[in-house]
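# Inside the fold
Residue strings, one per chain:
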Amino acid sequence: MSKKVKKEVEPPPKDVLDPLLIESKTAATVVLMLSSPEEEVLAKACEALYKFASKGDENKVTLHGLGAVEHLYKLISHENPTIRRNAVMILGIMASNYNVKKLLRELDVTSSLISQLAPEEDIVIHEFATLCLSHMAVEYTTKVQIFEKGGLEPLIRLLGSPDPDVQKNSLECIYLLMQDFQSCAAVRALNVIPPLLEMLKSEYPVIQLLALKTLELISKDGETRKILGENKGLDCLLRILETNEFSDLHAEALAVLGNCLEDVHTLRLIQQTGGLTKLLSFVGDSTVPDIQRNAAKAIAKAASDPGNRKILSEEEVEKCLIKLLEIDNDGVKVAASQAISAMSEDVGSKRAFGVQGISQLVQLLSRDSEEVKEAAVTALANLTTASPNNASSVVEAGGFEPLVSTLSAQRDGAIANAATVLTNLAEHVPFRARIGSQGVMSALAEPLRSTNSQVQSKAALAVAVFGGDADARTEFRNAGGLGPLVELLCSKNKEVRRNACWAVMVCASDEQTAVELCRLGALEILEEINLSTARKNNFSEAALEKLLDNNLSQKYSQIGYLSSSNIITDGFYDCGRIKPGVKFLSLEELSMQELTDRRAIIFINTKPQEDLTVQDSQDSSSELTVLSPSISRGGNRERASSVVSPMEEKQELPGQQYSLTKTSTKEKGLRKGKEKKEEEKMKEDTQVILQVQDEIKVESSQWLPPPDFILLDYINAAFTTILPLTTTREQVVALAHINCNRFVADKMGGPIERDKLHDFSWQLHISEIEFELKCNVVPIGKVKKGTFCHRALLFKVIADRIGILCSLVRGEYNRAWNEVKLVDDSPQGIPQLLLPPQEYIVDLMFEPGFLMKQGSVQADQYKQMY
């Protein structure tokens, strides 16, 4: 008999909850579930959150605010593959949000994501991990992290994935990484070229496009281009260009090809296979601006090498580029102009562009696009360099006005190259004058104020080229260009400083500009530059010399020497030796100072004010009265009217600086008259000078020095009595000698005995004149008791007017003397012209007219005695 045993069912453990189905429609509740220890709960929570985040950016922001990112970061390393997959999926789609990316970067999620790229991981994990990395790789810091943590190698490996999404995400991430030079250099060793070329065969255009963009970046490296050629990459690129259905890839393919064409051997290979001809034909037939632009860029890159320029010229690339200039697209015009700039380095190409290309470039200067202007004027700068024919073509195309206008462009490159083109054109003298009439000097004033050293240098060089014309210098001075030009002398850029010195040297060619440059501090800056062996240059030394040569008053004050070529003209003044660092004041500033016991300032001026001032009878007659020597002032009217104007009668004299006037018969009688008449005349002259100075101080428009009629009489007499003498020696002696019409020595108090020099009270006499004039500035004609410095100055002034070559040297203690070069009497049988001239010192104090040979005891005593 059998027994049935009944088994009892064991009850569940007391600590285990019965299965509970929860339905939640609140994201916050599901986020809380991410903290659950149950894998099934975690998996379902992640799945729900993925669907929620996929619905839009607002939901991603909501999850970020609920703290979901921190939980998901922990779950991407979970042991359960489903949980890990779902967590990666959520982060992949949420990483497109900026705040999520920022938080992921702070959590340093990069390493965890790279670990998910292992071959054994699920393909879905590969897809969303690469998606997350591609979103984060936009930021530079993440690029560095991916590279440093070895993320590049698994990304390249995943290019061979069978899933197109994995390929696309991996490729996009690699493309972003290649924008950093470190990754670009490292990718070559990882053999990335073959898988990238395979991507070009993909059926998905987005993958092909990313592959081409990546190839464009890495093919900038020469070694990478070689690998590309070895893997028949050029053939792939050319096939894409030949396939019409790939038209959306043509622009990028041309960009890659452009990098490859930089290598001479590659370009030669393409030429030999007929690919270059097909390429240029393809560009010429295309109507797509992006293709045309990239083609022009490719040509520009290739033309950077001389060998490539020769190959391109053989294929008549010039015609292609000229045709591209006609395309109504600014990007194409810019690229074509840049390619022309590169090709113009070749002499044959420069000639080939000819009239048609240059005329189109000139027209582009009037375009609204600043980028187009810059590219066009850069091309013109290269085309006109060392090419007279192209310079003429620019002129024929009417380039003067648009080039001058381009000097006020917004781009520094356009301004600098416009100045270069104008400088190139100015090498031809006829063009220089025509450009000057367009107001180029006024237009150059503003570029000198630029902070760009290239603009400063080219503008200063242009000033140096165009500043040779007197009217151009006046225009430049009136435009305020001298100030910024002087500032450029302090530039730390060697080329800018050199060109500025050159421009100053040229601008200092006339006295008025030289004086203004000195007022602006150019002289002091140049002196400082020339003290430095590192900063000085040939132009700085020449500029300093030119400034002083055209500002003789300051030169004599600083250096104490005027050579025979330094001709003293009206407006010169001697204010004595100036100490270093002390500002050199103008004659106007000195005349406005109160009367002091300082050394008198002796000035030279024989020109009547009516010759110095242009009166506007309609506008200024009621406001300004300009003194003329013909104004009724007793005997002065008679004397002024007796002097013939230099414009009315000129004398052709050898070495003569001015054609001075003849005196009337009445004035000759006055000169031979009695002493009383001369004294009366001097009093009248004093009254004229006083009244002139009073009237000048009232005038506010322009200060003018009063005329020195006494000095004018001296010069007129010298023309009459000294100039007719046959030899220079006779003229020198006569100008100094007391018995010859009473010249320099007699005008200044006659000869002085050596042992009675201290009794010669010339200081008191000068003080009396200053008190009489109520001014420290004294005309030299008023000085009747003059010492060495006054006599030597008067001798130099008259000698310069009548053509006697002599120098003026300042010594110590009011000493000064004149040096002349004379040829001694020749021995019998030796022509005098073959003898070298000897230098002599002219005695004007003790034995007027006595000539002392330079270096002799008498000459040394004359210069050093006190």
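Note that this is a predicted model, so its numbers are computed, not measured. (Residues numbered from 1 in each chain as written. Predicted model: local features only at pLDDT ≥ 70, side-chain atom pairs only at ≥ 80, totals over all residues. Heavy atoms only, no water.)

### Details of the overall build of the protein chain
Looking only at helices and strands, the protein chain has 49 helices and 8 strands in total. In the protein chain, which comprises 866 residues, the share counted as buried stands at 51%. At a minimum sequence separation of 6, the contacts of the protein chain that also span at least 24 residues come to 66%. If you sum the accessible surface of the protein chain, you get close to 42200 Å²; carbon and sulfur atoms cover 51% of it. (Helix = DSSP H or I, 4+ residues; strand = E, 2+ residues; numbered from the N terminus. Buried < 20%, exposed > 50% of the residue type's maximum accessible area, 1.4 Å probe, protein only. Contact = heavy atoms within 4.5 Å. Areas by Shrake-Rupley, 256 points an atom, 1.4 Å probe, with all protein chains shown as cover.)

### As for the environment of A514
Its place among the elements puts A514 in helix α35 (residues 511-519). A514 sits in the buried class, given a relative accessible area of 0%. In the structure, A514 is positioned 32 residues away from L482 in sequence and 10.0 Å away in space, judged by C-alpha atoms. Ignoring sequence-local partners within four residues, the contact set of A514 consists of A508, L547, N550 and N551.

### Details of the side chain of S170
You can see S170 is positioned in helix α11 (residues 164-177). When neighbours within four sequence positions are excluded, S170 is seen to be in contact with T130, L155, L158 and L159.

### A word on the pattern of salt bridges
Pairs can form between side chains of opposite charge once their charged atoms are near each other. Summed over the entire model, instances satisfying the criterion amount to 29 salt bridges. Two residues, E446 and R449, come together in a salt bridge whose shortest N-O distance is 3.2 Å. Judged by relative accessible area, which is 42%, R449 ranks as partly exposed. Each of D328, D330 and R367 takes part in one network of salt bridges that share partners. (Salt bridge = Lys/Arg side-chain N within 4 Å of Asp/Glu carboxyl O.)

### Structural notes on the nonpolar core
L72, L489 and L547 are the most contacted members of the largest nonpolar core, which has 188 residues in total. Apart from the residues lying within four places of it in its own chain, the contact partners of L489 are R497, A500, C501, V504, A522, I525, L526, I529 and R535. Formed by 72 residues, the second largest nonpolar core is a distinct cluster that contains Y556, I601, I722 and L723. (Core = buried A, V, L, I, M, F, W, Y, C linked by side-chain atoms within 4.5 Å.)

### What about the sheet that holds strand β6 (residues 816-822)?
Strand order in the open sheet formed by 5 strands is β1-β5-β6-β7-β8, and the pairing between neighbours is antiparallel. Strands with a single pairing partner mark the edges of an open sheet, and in this sheet they are β1 (561-562) and β8 (851-853). Here β6 pairs with strand β7 (residues 838-842) via 5 bridges, running antiparallel. Paired with K821 across the bridge in β7 is E839. Packing of helix α49 (residues 857-864) onto the sheet brings it into contact with β6, β7 and β8, and relative to β8 it is tilted by some 110°. (Pairing = 2+ DSSP bridges. Axes fitted to C-alpha atoms, helices over the stretch in contact; angles between N-to-C directions.)

### Concerning the packing of helix α31 (residues 453-466) against helix α34 (residues 494-507)
Angle between the axes and distance between the axes are the two parameters that describe a pair of packed helices. For the pair α31 and α34, the least separation of the axes is 8 Å and the interaxial angle reads 25°. In terms of orientation, α31 lies roughly parallel with respect to α34. When you trace α31 past α34, the crossing you get is left-handed. Packed against α31, whose contacting residues are S453, Q456, S457, K458, A460, L461, V463 and A464, the element α34 presents E495, V496, N499, A500, W502, A503, V506 and C507 at the interface. Class assignment of the residues belonging to the contact of α31 with α34 gives a composition of 10 nonpolar, 4 polar and 2 charged. (Parallel < 35°, antiparallel > 145°, perpendicular 65-115°, else oblique. Left-handed = near helix turned anticlockwise from the far one by under 90°. Nonpolar A, V, L, I, M, F, W, Y, C, P; charged D, E, K, R; others polar.)

### Thoughts on the packing of helix α19 (residues 275-285) against helix α22 (residues 317-325)
The N-to-C vectors of α19 and α22 enclose an angle of 20°; their axes lie 10 Å apart at closest approach. Between α19 and α22, the crossing angle belongs to the class labelled roughly parallel. Considering only the axes of α19 and α22, their crossing is left-handed. Where α19 abuts α22, its residues L280, V283 and G284 lie against V317, C320, K323 and L324. Tallied by class, the residues present in the contact of α19 with α22 amount to 5 nonpolar, 1 polar and 1 charged.

### Points about the side chain of S337
As for its position among the elements, S337 is in helix α23 (residues 330-343). Beyond its immediate chain neighbours, meaning those up to four positions away, S337 contacts L325, L361, L364, A375, A376 and A379.

### Thoughts on the packing of aromatic side chains
Here the structure, examined in full by the defined rule, presents 8 aromatic pairs. Ring geometry for Y573 against F584: centres 5.7 Å apart, planes inclined by 20°, an arrangement best described as stacked. Of this pair, Y573 sits in strand β2 (residues 573-574) while F584 is found in the loop between β2 and α39 (587-591), placing the two residues 11 residues apart along the sequence. Note on accessibility: Y573 and F584 belong to one class, buried. (Phe/Tyr/Trp six-rings, centres within 6.5 Å; stacked < 30°, edge-to-face > 60°.)

### Quick look at α19
Residues G275, L276, L279, L280, F282 and V283 constitute the buried set of α19. Each buried residue of α19 sits inside an arc of 155° when the element is viewed along its axis, so together they form one side. Turned more than 90 degrees off the buried face of α19, the exposed positions are K278 and D285. In the core, the buried residues of α19 are packed alongside α16 (233-242), α17 (250-260), α18 (264-272), α20 (289-302), α21 (306-314) and α22. (Arc of directions from axis to C-beta.)

### Description of unusual backbone geometry
One can expect most non-glycine residues to show negative phi and most peptide bonds to be in trans. Non-glycine residue K232 carries a positive phi angle of around 60°. Inspection of the secondary structure assignment puts K232 in the loop between α15 (222-230) and α16. Of note, the phi angle at A386 is positive, near 55°, even though the residue is not glycine. The residue A386 is located in the loop between α25 (370-384) and α26 (388-396) in this model. Judged by relative accessible area, A386 falls into the exposed class, the value being 72%.

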